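# Remarks on the overall topology
Chain residues, written in single-letter form:
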Amino acid sequence: MFDVDRVMALLPMRVRNQLESYVDSASTLLEVRDPRVLQAIGPSAVRGTILKRGKQGVPTAMPARHHAWFDWTYPADQPAMAELYSRAKRGQWNGDDLPWATSVDPESDDRPLLPDDMLAWDKVNDFGIRLSVAERRVVRHSVAAWMLSQFLHGEQGALFAAAQVTEAVQFFDGKLYGATQVVDEGRHVEVFHRYLDTKLQKLYQVNDNLFVIIDALMTDARWDMKFLGMQIMVEGVALGAFSLLYRETREPLLKELLKNVIQDEARHVHYGVLALREHVLTELDERDRREREDWAFEVALLMRNRFLAYEVYEEHFEGRLTRAQWREVVGSSPGMERFRHLMFGRMVPNLREIGLLSDRIRPHYARVGLDKYFGGVAADQLTGEQMLRELDQGRTEIERRAAAA
Ligand SMILES: [Fe+2]
Ligand SMILES: [Fe+2]
């Protein structure tokens, strides 16, 4: 029988790494089993993972195809969105007011940026690589800069998606609310960029898989797909990651920054739930609803499996570990496990709330171990303050239940 691993082992390391990275990109697509989903994501995947458009060092143009929806009668049509708009106006803050004078040492052991267990160090050891304490600090700095860089790139995507959605949405109160989200996302770009630039002095390029998702959303003509992708899926991942970092970083400036950002993001996801619930319930026929349901499930899986900091791997471990070994180092770490709980614990109940977790799809979630999140609280029942309070108390309800399951 043809043994891929044995053939790979015979190749020179450089060829092997290149080959592995192509196989990896292809397998991202092969994981998607639904042809309609594949058709929607395919062209973006080529642009992101094969052509690497996000890594050319030049601006990327993404053609937008949606309609801007005007309403000259200015209806007060969605009281819950109007309420969110008013809360958003009161919740504005100025990025300049964060304690920027704080001195940040990205390699500090006293005030580490990240929990140490974001990587499974014992696995690194098992694979025959001995790292000194100083080398571990350098890698930890890289992982932190990588994560925050992806947040920054995601925020740029969120900024433009929020602007598109503000044009394309048909709820008038939603448009006014959307204007505040555009400002919020602009501020997030500002503060993450400033933090990376002045404190960590390191910026990573956009991760290929993140590029694929952003590209797919920006170029999809259907406003509700943009919404689902950005407000529920991407914001869901972001909230999971921000929550983990807010709770576990010991660096005070980053903690304060995240505390502010989380409160904005909680509103964004709340808005996503309001708008999509209305739309799925009243506008979509069963065929279209199912397409969204399948799409959300596939994207959830991609998000779970694909944010593995390969850019850090290439910098520190290429030639010393295989990509498969690196996947284990990141994917099986305790920190990653906590991140997945926080992320899916928020995302899955939101999907339920907007009508995309029917009895038809539930067994698929159960098959990959995500059924433990079915009963959680959705974003329309939770404010940013409540979320922060829960994180301040340590292990969240979601994590306790997941641990008991
Ligand atoms: Fe944001
Ligand atoms: Fe957001």
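Residues numbered from 1 in each chain as written. Chains lettered and ligands numbered in written order. Predicted model: local features only at pLDDT ≥ 70, side-chain atom pairs only at ≥ 80, totals over all residues.

### Quick look at the overall build of the chain
When helices and strands are counted, the chain shows 17 helices and zero strands. Out of the 405 residues belonging to the chain, those deemed buried represent 41%. Excluding contacts between residues fewer than 6 apart, the proportion of contacts in the chain whose partners are at least 24 apart in sequence is 84%. (Helix = DSSP H or I, 4+ residues; strand = E, 2+ residues; numbered from the N terminus. Buried ≥ 20, exposed ≤ 12 C-beta atoms within 10 Å, placed from the backbone. Contact = placed C-beta atoms within 7 Å.)

### Digging into helix 4 (residues 79-90)
Given a rise of 1.5 Å per residue, 12 residues ought to cover 16 Å, and the 17 Å separating the end C-alpha atoms of helix 4 matches this to within 8%. Taken together, the buried positions of helix 4 are Met81, Leu84, Tyr85 and Ala88. Buried positions in helix 4, seen along its axis, are confined to an arc of 105 degrees and lie on one side of it. Facing away from the buried side of helix 4 by more than 90 degrees, the exposed set consists of Pro79 and Arg90. Packed against the buried residues of helix 4 are helix 7 (172-200) and helix 10 (252-282). (Expected span 1.5 Å × (residues − 1). Arc of directions from axis to C-beta.)

### Things to note about unusual backbone geometry
One non-glycine residue, Tyr74, adopts positive backbone phi at about 50 degrees. A positive phi angle, close to 55 degrees, is found at Ala309, a residue other than glycine. Looking at the secondary structure, you find Ala309 in the loop between helix 11 (286-306) and helix 12 (310-316).

### Comments concerning the nonpolar core
Counting residues in hydrophobic clusters, the biggest one holds 98 residues, and the most contacted among them are Met233, Ala241, Phe242 and Ala296. The dominant element in this core, judged by the number of residues it contributes, is helix 9 (residues 223-248), at 14 residues. Those residues in contact with Ala241, other than ones at most four positions away along the chain, are Met147, Phe151 and Phe339. (Core = buried A, V, L, I, M, F, W, Y, C linked by C-beta atoms within 7 Å.)

### So, the packing of helix 10 against helix 16 (residues 384-392)
Closest axis-to-axis distance for the helix 10/helix 16 pair is 8 Å, and the angle between their directions is 130 degrees. Relative to helix 16, the element helix 10 is oriented oblique. Read as a crossing pair, helix 10 and helix 16 show a hand that is right-handed. Residues Lys259, Ile262, Gln263, Ala266 and Arg267 of helix 10 form the contact with helix 16, whose own contacting residues are Gly384, Glu385, Met387 and Leu388. (Axes fitted to C-alpha atoms, helices over the stretch in contact; angles between N-to-C directions. Parallel < 35°, antiparallel > 145°, perpendicular 65-115°, else oblique. Left-handed = near helix turned anticlockwise from the far one by under 90°.)

### Focus on the packing of helix 6 (residues 133-168) against helix 7
Between helix 6 and helix 7, the shortest axis-to-axis distance is 8 Å and the interhelical angle comes to 160 degrees. Considering their axes alone, helix 6 and helix 7 lie roughly antiparallel with respect to each other. Helix 6 and helix 7 meet at a crossing whose hand is left-handed. Taken together, the residues that form the contact of helix 6 with helix 7 break down as 17 nonpolar, eight polar and three charged. (Nonpolar A, V, L, I, M, F, W, Y, C, P; charged D, E, K, R; others polar.)

### Quick look at the environment of Arg304
With respect to the secondary-structure elements, Arg304 resides in helix 11. Sequence separation between Arg304 and Gly331 is 27 residues; the distance between their C-alpha atoms is 9.1 Å.

### Comments concerning the environment of Asn209
Here Asn209 shows up in helix 8 (residues 208-219). Judged by the 21 C-beta atoms lying within 10 Å of it, Asn209 is buried.

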